Amino acid sequence: MAASTSTDAGIPVYFLLRESLLTLDVIGPAEVLRYANRFAEQSGRAPYFDLHFISVHREVATSVGLTITGFEDLPAHLPDNAMLVLSGCVGRDDDFSSAADQQVVAWLRRHCTPPPNHHKLVCICTGTLLAGYAGLLGQRKCTTHHSHIKELRGIAPSAEVLENRIFVEDGDLYTSAGVTTGIDLALHLVAQVAGHACSASVARSLVVYMRRTGGDPQLSPWLVARNHLHPAVHRVQNAVIKDPANDWSVARLAEIACTSERHLTRLFREHTGDSLVDYIHRIRIALARDLLAQSPFDMEHVAEKAGFHSSRQLRRVWKKFESHPPSAHRELTAAAVG
């Protein structure tokens, strides 16, 4: 999928840090974005993200007992394309009545009153509660840590609070269940900005093979069968993910793996549990799903862009991996967004 545009310094990302912050809610997503920038540098590109850490405090105590400092002040202006990340906190009653919290809430209301000015609001764990208290959720779909679902519904009664979700995307609002799911959400954001191949590379470097998607708790097709350490098989998978519509033959993939066709076929099944053909089809169906959900293309155009010879072939292969037809997927996705 095409990468989105940003400035030469990258999309500005502001992590808003509060007292008693849950460390992994910040460090996990931040490391995902840092790795994406690392891959951009290795490929001669400008960085995708420009990270900032902001707070009303001079220092912040974290969930692991580490006190951190060196933040920027809350900015007087957010760039139009900025992402604002609200992380979760632990061990405190979040009634947002403290002077510091009230200062944060007032700042959020000034800069992020929905709809935001092209800002992405990213809430990790109980960061969604802060967004709800500030009036930023409106009637949109959202989620939070399972132990705070009832609390969120009380804070933001107009919002559509969803349970049993890893993360939820509704327009420019992104919310996650918290802790490790912040990493899942950050990988999703990387895929939107830098493409699925970059997101997959970041996940593998962080040894996060079991990435989940927002719509359900299933494994992402883009990272399924990556829980192995064979470099030749990974090279083949990287090539397919980078260009699913390519006319991949076993001979061409064997050249990438630097092995014989027969040996690659055996290696691939041994290390992934899947055949080469089924893996290619799985990735092409994943791309077709994205195109059906995010583009106005008709079925023939979707089939062509996903690497199928016709919509008939797309439908035939689709039945191997999906329980409902492609047309129903588009309708269900449209209904979920609406």
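All figures in this text were calculated on a predicted structure; none of them were measured in a lab.

Analysis parameters
Residues numbered from 1 in each chain as written. Predicted model: local features only at pLDDT ≥ 70, side-chain atom pairs only at ≥ 80, totals over all residues. Heavy atoms only, no water. Phe/Tyr/Trp six-rings, centres within 6.5 Å; stacked < 30°, edge-to-face > 60°. Helix = DSSP H or I, 4+ residues; strand = E, 2+ residues; numbered from the N terminus. Axes fitted to C-alpha atoms, helices over the stretch in contact; angles between N-to-C directions. Parallel < 35°, antiparallel > 145°, perpendicular 65-115°, else oblique. Left-handed = near helix turned anticlockwise from the far one by under 90°. Contact = heavy atoms within 4.5 Å. Salt bridge = Lys/Arg side-chain N within 4 Å of Asp/Glu carboxyl O. Buried < 20%, exposed > 50% of the residue type's maximum accessible area, 1.4 Å probe, protein only. Expected span 1.5 Å × (residues − 1). Pairing = 2+ DSSP bridges. pLDDT = per-residue confidence, 0-100. Core = buried A, V, L, I, M, F, W, Y, C linked by side-chain atoms within 4.5 Å. Lys, Arg positive; Asp, Glu negative; His and termini not counted. Polar contact = N/O pair within 3.5 Å; in protein donor to acceptor, adjacent residues only side chain to side chain. Nonpolar A, V, L, I, M, F, W, Y, C, P; charged D, E, K, R; others polar.

Undergrad: Is there a simple way to explain the packing of aromatic side chains in this structure?
TA: Aromatic ring pairs are described here by two measures, namely the spacing of the ring centres and the angle between the planes. For the structure on display, the rule yields 4 aromatic pairs. Geometrically, the ring pair formed by phenylalanine 96 and tyrosine 133 is tilted, given 4.9 Å between the ring centres and 35° between the ring planes. In this pair, phenylalanine 96 is assigned in the loop between strand 5 (83–86) and helix 2 (99–112) and tyrosine 133 in helix 3 (residues 127–133), connecting sequence segments 37 residues apart. Aromatic side chains phenylalanine 268 and tyrosine 279 sit 5.4 Å apart centroid to centroid with 65° between the ring planes, which places their arrangement in the edge-to-face category.

Undergrad: How do you make sense of the packing of helix 10 (residues 276–294) against helix 11 (residues 299–306) when you look at a structure like this?
TA: Packed helices, taken two at a time, are described by the angle between their axes plus the distance between the axes. Direction vectors running N to C along helix 10 and helix 11 enclose 140°, while the axes themselves pass 9 Å from each other. It follows that helix 10 is oblique to helix 11 by the angle criterion. In this structure, helix 10 meets helix 11 at a crossing whose hand is right-handed. Across the interface between the two elements, Arg284, Leu287, Ala288, Leu291 and Leu292 of helix 10 pack against Met299, Val302, Lys305 and Ala306 of helix 11.

Undergrad: Teacher, can you tell me more about the pattern of salt bridges here?
TA: Between side chains of opposite charge, a pair can form as their charged atoms come close. The final tally for this structure, using the stated rule, is 9 salt bridges. Across the pair glutamate 160 and lysine 141 runs a salt bridge whose closest N-O atoms are separated by 4.0 Å. In this pair, glutamate 160 is assigned in strand 8 (residues 160–161) and lysine 141 in strand 7 (residues 141–142), connecting sequence segments 19 residues apart. On the basis of relative accessibility, which here comes to 38%, the residue glutamate 160 falls in the partly exposed class. Residue classification places lysine 141 among the buried residues on the basis of a relative accessible area of 14%.

Undergrad: Before we go on, may I ask you to explain helix 7 (residues 231–242) in this structure?
TA: Turn by turn, an α-helix covers 3.6 residues, leaving residues three or four places apart pointing in a common direction. Taking 1.5 Å of rise per residue, the 12 residues of helix 7 would be expected to cover 16 Å, and the 16 Å separating its terminal C-alpha atoms lies within 8% of that figure. Taken together, the buried positions of helix 7 are Ala232, Val233, His234, Val236, Gln237, Ala239, Val240 and Ile241. If you follow the buried residues of helix 7, they end up packed against helix 6 (196–205), helix 8 (250–257), helix 9 (261–272) and helix 10.

Undergrad: Sorry, what's going on with the sheet that holds strand 2 (residues 49–54) here?
TA: Sheets are built from strands paired through backbone hydrogen bonds, the pairs being either parallel or antiparallel. Reading across from one edge, 2-1-5-6-10-9 is the order of the 6 strands in this open sheet, with mixed pairing throughout. With partners counted over all chains shown, the strands left at the sheet margins are strand 2 and strand 9 (167–170), one partner each. Ignoring strand direction, the axes of neighbouring strands in this sheet form an average angle of 15°. Pairing between strand 5 and strand 6 (residues 120–124): 4 bridges, direction parallel. Paired with leucine 84 across the bridge in strand 6 is leucine 121. Strands strand 1 (11–16), strand 2 and strand 6 of the sheet are contacted by helix 1 (residues 23–42), whose axis makes an angle of about 155° with strand 2. The sheet strands contacting helix 2 are strand 1, strand 2 and strand 5, and the helix crosses strand 5 at an angle near 150°.

Undergrad: Explain the confidence of the model for the protein chain here, please?
TA: Reading fine detail from the predicted coordinates is not recommended where pLDDT is low. Here the protein chain averages 88 in pLDDT, and 90% of its residues register 70 or above. Low confidence marks residues 1–6, where pLDDT is under 50. Its contacts with residues over four positions away, or in another chain, come to 16 contacts.

Undergrad: Looking at this structure, how should I read the nonpolar core?
TA: One broad rule of soluble globular proteins: the nonpolar side chains tend to lie buried together. Ranked by internal contacts, the top residues of the largest apolar core, which has 36 residues, are Phe15, Tyr48, Phe49 and Val190. Those elements that provide at least two residues to this core are strand 1, helix 1, strand 5, strand 6, helix 5 (181–194) and helix 6. Membership of the second largest hydrophobic core comes to 33 residues, among which are Val233, Val236, Leu264 and Ala306.

Undergrad: Any chance you could explain the environment of aspartate 290 here in plain terms?
TA: Looking at the secondary structure, you find aspartate 290 in helix 10. Among the residues examined, aspartate 290 registers a relative accessible area of 16% and is labelled buried. It is 9.7 Å that separates the C-alpha atoms of aspartate 290 and alanine 306, two residues lying 16 residues apart in sequence.

Undergrad: Can you walk me through unusual backbone geometry in this structure?
TA: With phi around 65°, serine 20 is a residue other than glycine that occupies positive phi space. Examined against the element boundaries, serine 20 turns out to sit in the loop between strand 1 and helix 1. One non-glycine residue, cysteine 125, adopts positive backbone phi at about 60°. Relative to the elements of secondary structure, cysteine 125 occurs in the loop between strand 6 and helix 3. Take cysteine 125: its relative accessible area is 5%, and that puts it in the buried class.

Undergrad: Help me understand the side chain of aspartate 290 in this model?
TA: The buried charged residue aspartate 290 lacks any salt bridge partner; its closest oppositely charged side chain belongs to arginine 289, at an N-O distance of 5.9 Å. Side-chain polar atoms of aspartate 290 contact the side chain of histidine 196, separated by 3.0 Å.

Undergrad: Help me understand the packing of helix 1 against helix 6 in this model?
TA: Two elements in contact, helix 1 and helix 6, have axes whose closest approach is 9 Å; the angle formed by their N-to-C orientations is 115°. Of the two possible hands of crossing, helix 1 and helix 6 adopt the one that is right-handed. Where helix 1 approaches helix 6, its residues Val32, Tyr35, Ala36 and Phe39 are matched on the opposing element by Cys198, Ser201, Val202 and Ser205. Of the residues that constitute the contact of helix 1 with helix 6, the class distribution is 6 nonpolar, 2 polar and no charged.

Undergrad: Could you clarify how one ought to interpret helix 1 in this entry?
TA: Helix length check: helix 1 (20 residues) gives 28 Å between terminal C-alpha atoms against 28 Å at 1.5 Å per residue, within 8%. Residues of helix 1 that are buried: Thr23, Asp25, Val26, Gly28, Pro29, Ala30, Val32, Leu33, Tyr35, Ala36, Asn37 and Ala40. For helix 1, the elements touching its buried residues are strand 1, strand 2, strand 6, helix 5 and helix 6. Just downstream of helix 1 lies glycine 44, where phi reads positive at about 80°.

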